[in-house]
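Structural features, examined
Each chain, written out:
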Amino acid sequence: MVEQPRLPSLAAIGAFEAAARLGSFAAAARELGTTSASVSYHIRQLERQTGVPLFRRFAHRVVLTEAGREIAGTTIQAFDALRGSFMRAAAIDEGRLVLSALPTFGTSWLIPRLGRFRAAHPEIAIELDLSPEPRDLAAGHVDAAIRNGHGQWPGLRTAPLLPSIFLPLCPPALAGVDLESAPLLGRPDWWTRWFAALGRPVPQHFGIALADEHLDAAAAIAGHGITIGSPILFRAELEAGRLVPAHDLVVGDGRSFWLAWPSGRQGSRKIQAFRAWIEVEAEAERAASSDFIARSILCGQ
């Protein structure tokens, strides 16, 4: 088997391609983000490896040799093809936004609105991953995420969306039922904060334990008890009369929902398009839920 000649280093080939295309070591250095001396070094290495002089060097300019012109044509064409491939890959990536969201936020608030984003940006397909666990945005499998917290995650940029507030919610048939005796649905930690804000210990008569708040809301609508949830995320259920507040007290834990994306992808057009859209949607939601937000009190117990 005949051994293939060893290909020169890509750094050297890249320096040669830029210098040949631009006609200058200095211009090649500016494009590559390096120095003229570095470009010259890599081309010297290429000439040594091939045994062929590629440039004639004069005091203030360089000129391709005949052999250099022959190699330059093929090399520039090859690099043009590579650039085109990467541009096509970038265009494909910009046409698909992979978004992670918390299950209740995604199910109750985001999904009903996504049609408006698709209408505004038909060129961007949405792939939505609903998970209670935060996805690793640095891994590259997910472009952006809706997270709940204080908006400070290493390596991520964030934009605030909606405050995290909650109050007891029940079906109309259970309105006026004593919270001290009714089956309680939903997160025990939220109930603990809510009763602490009320100045009472939390009762220990919890009903069905479910994985997510939107499931607790569905159980409450079915008449299985009183849940605790966000009047923002469940505003549609409140306006439709499927749920009603079981008490006037609204409590917040100081956290909010945020859009988060990797700092290194700040310039991504699809992420910026989604950010611009969801910030407008969130602003409209804050206005529609302003009464609940204004009444909320902070309780970190």
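Structure: above.
Position labels on residues start from 1 in each chain and follow its written sequence. Reporting in this predicted model follows two pLDDT cut-offs: at least 70 for local features of residues, and 80 or more for side-chain atom pairs to be given and counted; totals over whole chains, interfaces and linings ignore these cut-offs and use all residues. Note: side-chain values were computed over all heavy atoms of the structure, leaving out hydrogens and water.

Brief notes about the packing of aromatic side chains
Aromatic rings from Phe, Tyr and Trp, with only the six-membered ring used for Trp, were paired whenever their centres fell within 6.5 Å, and each pair was classed as stacked if the ring planes differed by under 30 degrees, edge-to-face if by over 60, and tilted otherwise. All chains considered together, the criterion is met by eleven aromatic pairs. Taking the centre distance of 5.5 Å and the plane angle of 65° together, the rings of Phe117 and Trp277 count as edge-to-face. Of this pair, Phe117 sits in helix α6 (residues 114-120) while Trp277 is found in helix α10 (residues 269-288), placing the two residues 160 residues apart along the sequence. By relative accessible area, which is 9% here, Trp277 ends up buried. Put simply, the rings of Phe16, Phe25 and Phe55 touch in pairs and so form one group of aromatic residues. Any Lys NZ or Arg CZ found within 6 Å of a ring centre and within 35 degrees of that ring's normal is scored as a charge over the ring. When the ring centre of Phe58 is taken as reference, the NZ or CZ atom of Arg61 above it lies at 4.6 Å. Working definition: helices are DSSP H or I runs of at least four residues, strands are E runs of at least two. Numbering for both runs from the N terminus. Accessible area is worked out with a 1.4 Å probe on protein chains only. A residue is then buried under 20% of its type maximum, exposed over 50%, and partly exposed in between.

What to know about the environment of Leu161
Assignment of secondary structure puts Leu161 in strand β6 (residues 156-170). Overall, Leu161 belongs to the buried group, its relative accessible area being 3%. The spacing of Leu161 and Asp253 is 92 residues in sequence and 15 Å in space, taken between C-alpha atoms.

Here we look at the nonpolar core
What is meant by a nonpolar core is a set of buried Ala, Val, Leu, Ile, Met, Phe, Trp, Tyr and Cys residues, joined one to another through side-chain atoms within 4.5 Å. Of all hydrophobic cores here, the largest spans 37 residues; its most connected members are Phe105, Leu110, Leu161, Leu162, Leu259, Phe274 and Ile278. Those elements that provide at least two residues to this core are β3 (96-101), α5 (103-110), α6, β5 (144-149), β6, α8 (213-221), β9 (251-262) and α10. Residue contacts are defined here by distance: any two heavy atoms, one from each residue, within 4.5 Å place the two residues in contact. Residues in contact with Leu110, not counting those within four places in the same chain, are Leu99, Ala101, Phe105, Leu128, Phe274, Trp277 and Ile278.

Some remarks on the packing of helix α1 (residues 10-22) against helix α3 (residues 36-50)
Here an angle of 0 to 180 degrees is reported between the N-to-C directions of two axes, which are lines fitted to C-alpha atoms, with helices fitted over the stretch in contact. Here α1 crosses α3 at 110°, and the two axes come no closer than 8 Å. Viewed along their axes, α1 and α3 adopt a mutual orientation that is roughly perpendicular. Considering the relative orientation of α1 and α3, their crossing is left-handed. Facing α1, whose interface residues are Ala11, Ala12, Ile13, Ala15, Phe16 and Ala19, α3 presents Val39, His42, Ile43 and Leu46. Each residue receives one of three labels: charged for Asp, Glu, Lys and Arg, nonpolar for Ala, Val, Leu, Ile, Met, Phe, Trp, Tyr, Cys and Pro, and polar for the others, Gly being one of them. Classifying every residue of the contact of α1 with α3 by side-chain character gives nine nonpolar, one polar and no charged. Here the angle decides the label: under 35 degrees means roughly parallel, over 145 means roughly antiparallel, 65 to 115 means roughly perpendicular, and every other value means oblique. Rotating anticlockwise by less than a right angle from the far helix to the near helix defines a left-handed crossing, while the corresponding clockwise rotation defines a right-handed one.

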